[in-house]
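Read off the chains here:
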Amino acid sequence: MANILLRNRDIPDIGNFEVYSKNGGWEGFRKAVQQHTPDEVIKIVMDSNLRGRGGAGFNTGRKWSFIPKNEPIKYVVVNADESEPGTFKDRELMEMNPYQVIEGAMIAAYAIQASAVYIYCRGEFWDIAHQLDACIAEARENNLIGKNILGTDWSCEFYTHLGAGAYICGEESALLNSLQGMLGQPRVRPPFPAQKGGGLYYEPTVVNNVETLANVPWIIVNGAEAYQQIGTPQSPGPKIVCMSGHVNQPGNYEIALGQTTFRELFEKAGGTEYQGHKLKALLPTGASGPVIPITDKLMDAPITYESVIEFGSTLGSASFIVMDETTDMVWAAYKMMQFFKHESCGKCTPCREGTYWLLKLMTRIINGQGTANDLRLLENVGKQMNGKSLCALNDFAINPVLGTLRHFRSEYEAYINKGSDEKAAPKKQLQPAH
Amino acid sequence: MLKDKYAERIEKIFSKYQDKRSAVMPLLYLAQEEYGWLPEESFSEIGELCDIDPTQVKSIAGFYTMYSEKPKGKYWLQVCTDLPCALRGADQFHADLKEYLGVEEGGTTEDGLFTVEHVMCLAACDKAPMLQCNFHYMENLDMEQMKAFIEEKRAEAAKGDQ
Ligand SMILES: Cc1cc2nc3c(=O)[nH]c(=O)nc-3n(C[C@H](O)[C@H](O)[C@H](O)COP(=O)(O)O)c2cc1C
Ligand code: FES
């Protein structure tokens, strides 16, 4: 099947305005603006059951429908912060197929009658943001952005904004604060971004992920029903899976949800072994979801939002970090704890202190100085943190530890049991991250 | 002064936002481009431009990893050592790089050319080991390539000094 999102794989120069336009580009946007009312566009997207690709999987059209109609100023914000370990799909889309992202964002803007779109790129996407500026200028010259778009009385601007290196700014309310020149820390909700008082400059705002929006032009051109034909009722549409870690051919793979098994995906990415080693564990949504042991049962399951839940995790952004049998799972959990301790923004006490203690305990264990009580302590700290902060970073941060403890407890116990021999001469003294 | 030297660019930055305060991040980048890092006076300059207190500007600079409040080497090498890259040898690569340059974590070589530090995932996990050099990515690296890169930059610098 031809790619719907990674069309750059089929049409190499699609990042060029002419090539994009000649290959069906802007058809969805023209159709939306010239043949549909904003409400019709929202309904089509809602009926397609496109679910947000940023992690939470919320129905995109429904999110748009929450925007109040009678407010004069509304915004669309594209979340291009892409900082979850193991995620690099939005980057390929923006780098190689940028107009599809811009078109999707402009359809969202039309649907809610926004006056401006901001695309918030993580700071490291410096080159990409500058390339996007050029694309935006090209689209503006063609009356697709700016004043009186396509001859209507609707006007909408489009701007890039660069973050500067902070995972938390991918969380939508922290992103909005960052864009307003404040510390990138989450807001208390309600009000939600879609509500007056909750969005960018406190105006009603739709925040969508890059990949989510890249689905939208196809949906408008082909209709909600055609989109529903791809995948399962709860998981329609194409999805990009980022394959990293112990994968022979790491990279992005576009699949039809529900129509591809884990095994088929792994085969595409170079096989179900890595350099002669069996595969052991899968993190399906980067560092933020629980780990799943790789079994035949998993391999034979179709990839959908609902199937991953059955295996005790979430599909989220579909950032598959793969680990083979040589991987030390305590070390992997320690690595992920370093990440969350570093990225906790410090606003909420349970997250700030909890990530500190989890990392401290993990460091102690990995250096051979842990005790059996430390395992109970890890679980205890994790349970006490759960659900107690303003944003989900806090809850994500528990998963590396609790997930690996659930499935690979014996590896922790081995560290503790051999601890006493190694205390005299620890092999490697690892330090907590700073 | 940024205000005089970059009047046009600053005006363009402000034109993007409804609130002046939103310009603080792009202006921090501008200041860093001008000075190579963010000296104390840049916070007052930016504070004045955005109508906010310099300490607020400073706290924003401190919140992010891409702003630097101390001078860095001419080539600021931020190596990703997060889990996906580490599964493909990034920790070893990072250690080898520091050893070759003779620096500790976060340190700068004596000639002022290279600073090495490790960072979290840069969304290029499929191209590990990788690093960011002054905000541009270098991917699928090994030490041979790095040595060639380092020697090339050293030679360039030596030529410039003559
Ligand atoms: C700590 C944290 C980090 C996040 N990072 C991202 C991110 O990098 N990109 C993204 O699209 N969503 C991210 N999200 C999810 C956003 O808050 C939000 O749900 C998403 O942008 C909504 O878009 P969607 O409905 O199109 O998925 C993150 C959430 C949390 C709690
Ligand atoms: S883990 Fe290194 S780029 Fe993602």
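**Remarks on the sheet that holds strand β4 (residues 136-138) of chain B**
All names here are of chain B.
Okay, step 1: In spatial order, the strands read β2-β1-β3-β4; together these four strands make up an open sheet with mixed pairing. The open sheet terminates on both sides in strands that have one partner only, identified here as β2 (114-119) and β4. Within the sheet, the average angular offset between the axes of one strand and its neighbour, ignoring direction, is 25°.
Okay, step 2: Across six bridges, strand β1 (residues 75-80) lies against β2 in parallel orientation. Counted as the bridge partner of Leu77 is Val116 from β2.
Okay, step 3: Here helix α7 (residues 90-101) sits on the sheet in contact with β1, β2 and β3 (131-133), set at roughly 160° to β2.

**Re the pairing of strand β8 (residues 277-287) of chain A**
All names here are of chain A.
Okay, step 1: Of all eleven residues that make up β8, nine are buried, and the element is covered over most of its length.
Okay, step 2: Pairing between strand β7 (residues 273-274) and β8: two bridges, direction antiparallel. Note that in β8 the partner of Tyr274 across the bridge is His277.
Okay, step 3: The pairing of β8 with strand β9 (residues 292-293) spans two bridges and is classified as antiparallel. In the sheet register, Ala281 faces β9, and the bridge partner there is Pro293.
Okay, step 4: Two successive antiparallel strands, β8 and β9, enclose a turn made up of four residues.

**A look at the side chain of Lys280 of chain A**
Okay, step 1: Position of Lys280 of chain A relative to the elements: it lies in strand β8.
Okay, step 2: Those residues in contact with Lys280 of chain A, other than ones at most four positions away along the chain, are Ile292, Pro293, Ile294, Met323, Asp324, Glu325, Thr327, Met329, Phe408 and Glu411 of chain A.

**Notes on the site of ligand 1**
Residues and elements named next belong to chain A.
Okay, step 1: The immediate surroundings of ligand 1 are formed by 19 residues, with Gly54, Lys63, Asn208, Asn209 and Thr212 found nearest.
Okay, step 2: Within the contact set of ligand 1, a nitrogen atom lies 3.2 Å away from a backbone nitrogen or oxygen of Gly170.
Okay, step 3: In this structure, Thr212 approaches ligand 1 through a side-chain N or O atom, which is 2.7 Å from an oxygen atom.
Okay, step 4: Protein chains bury 91% of the 620 Å² of accessible surface belonging to ligand 1 in isolation.

**Here we look at the domain arrangement of chain B**
Okay, step 1: Domain assignment breaks chain B into domain 1 (2-63) and domain 2 (75-161).
Okay, step 2: Of note, the centres of domain 1 of chain B and domain 2 of chain B, computed from C-alpha atoms alone, are 29 Å apart.

**Remarks on the sheet that holds strand β1 (residues 75-80) of chain A**
All names here are of chain A.
Okay, step 1: Spatially, β3-β2-β1-β4 is the arrangement adopted by the four strands of the open sheet, whose pairing is parallel. Both edges of this open sheet fall to β3 (157-162) and β4 (205-209), since each of them pairs with a single strand only. Ignoring which end each strand starts from, the neighbouring axes of this sheet average 20° apart.
Okay, step 2: Inspection of the sheet shows β1 paired to β4 by five bridges, in the parallel sense. Paired with Val78 across the two strands is Asn208, which belongs to β4.

**Structural notes on helix α6 (residues 98-112) of chain A**
Residue and element names in this part refer to chain A.
Okay, step 1: Here α6 is 15 residues long and its end C-alpha atoms lie 22 Å apart, about the 21 Å a rise of 1.5 Å per residue gives.
Okay, step 2: A large share of α6 lies buried, amounting to 15 of its 15 residues.
Okay, step 3: Gln113 sits one or two positions beyond α6 and adopts a positive phi of about 55°.

**Comments concerning the nonpolar core**
Okay, step 1: With 170 residues, the main nonpolar core has Phe29, Trp64, Ile102, Met106 and Leu378 of chain A together with Leu28 and Tyr64 of chain B as its most contacted residues.
Okay, step 2: Looking at this core, the element that brings in the most residues is α6 of chain A, giving eleven residues.
Okay, step 3: Non-local contacts of Phe29 of chain A, meaning those with residues more than four positions away in its chain, are made with Glu103, Met106, Ile107, Tyr110, Leu144, Ile149, Leu150 and Trp154 of chain A.
Okay, step 4: One finds Phe266, Leu279, Ala301 and Leu315 of chain A within the second-largest nonpolar core, a separate group that totals 26 residues.

**Considerations on the confidence of the model for chain B**
Okay, step 1: Residues with a pLDDT of 70 or more make up 99% of chain B, whose mean pLDDT is 96.
Okay, step 2: Across the interfaces of the predicted complex, the ipTM metric reaches 0.96, alongside a pTM of 0.96.

**Remarks on empty space enclosed by the protein**
If a probe the size of a water molecule is rolled over the atoms, the empty space left behind becomes visible.
Okay, step 1: By the definition in use, this model includes three cavities of 30 Å³ or more.
Okay, step 2: Around the largest cavity sit 17 residues that line it, and Arg122, Glu124 and Glu343 of chain A together with Thr65 and Met120 of chain B are the ones nearest its centre.
Okay, step 3: No other element matches the three residues that helix α14 (residues 329-343) of chain A contributes to the lining of the largest cavity.
Okay, step 4: For the lining of the largest cavity, the per-class residue count stands at eight nonpolar, six polar and three charged.
Okay, step 5: Of the residues belonging to the lining of the second largest cavity, the class tally is eight nonpolar, four polar and one charged.

Scoring rules and cut-offs
- Residues numbered from 1 in each chain as written.
- Chains lettered and ligands numbered in written order.
- Predicted model: local features only at pLDDT ≥ 70, side-chain atom pairs only at ≥ 80, totals over all residues.
- Heavy atoms only, no water.
- Pairing = 2+ DSSP bridges.
- Helix = DSSP H or I, 4+ residues; strand = E, 2+ residues; numbered from the N terminus.
- Axes fitted to C-alpha atoms, helices over the stretch in contact; angles between N-to-C directions.
- Contact = heavy atoms within 4.5 Å.
- Buried < 20%, exposed > 50% of the residue type's maximum accessible area, 1.4 Å probe, protein only.
- Near = heavy atom within 4 Å.
- Polar contact = N/O pair within 3.5 Å; in protein donor to acceptor, adjacent residues only side chain to side chain.
- Areas by Shrake-Rupley, 256 points an atom, 1.4 Å probe, with all protein chains shown as cover.
- Domains from an automatic or database assignment.
- Expected span 1.5 Å × (residues − 1).
- Core = buried A, V, L, I, M, F, W, Y, C linked by side-chain atoms within 4.5 Å.
- pLDDT = per-residue confidence, 0-100.
- 1 Å grid on protein atoms, 1.4 Å probe; cavity = no way out; pocket = protein on both sides within 12 Å on 5 of 7 lines; lining within 4 Å.
- Points joined across faces, edges and corners; volume = space filled by probe spheres on them.
- Nonpolar A, V, L, I, M, F, W, Y, C, P; charged D, E, K, R; others polar.

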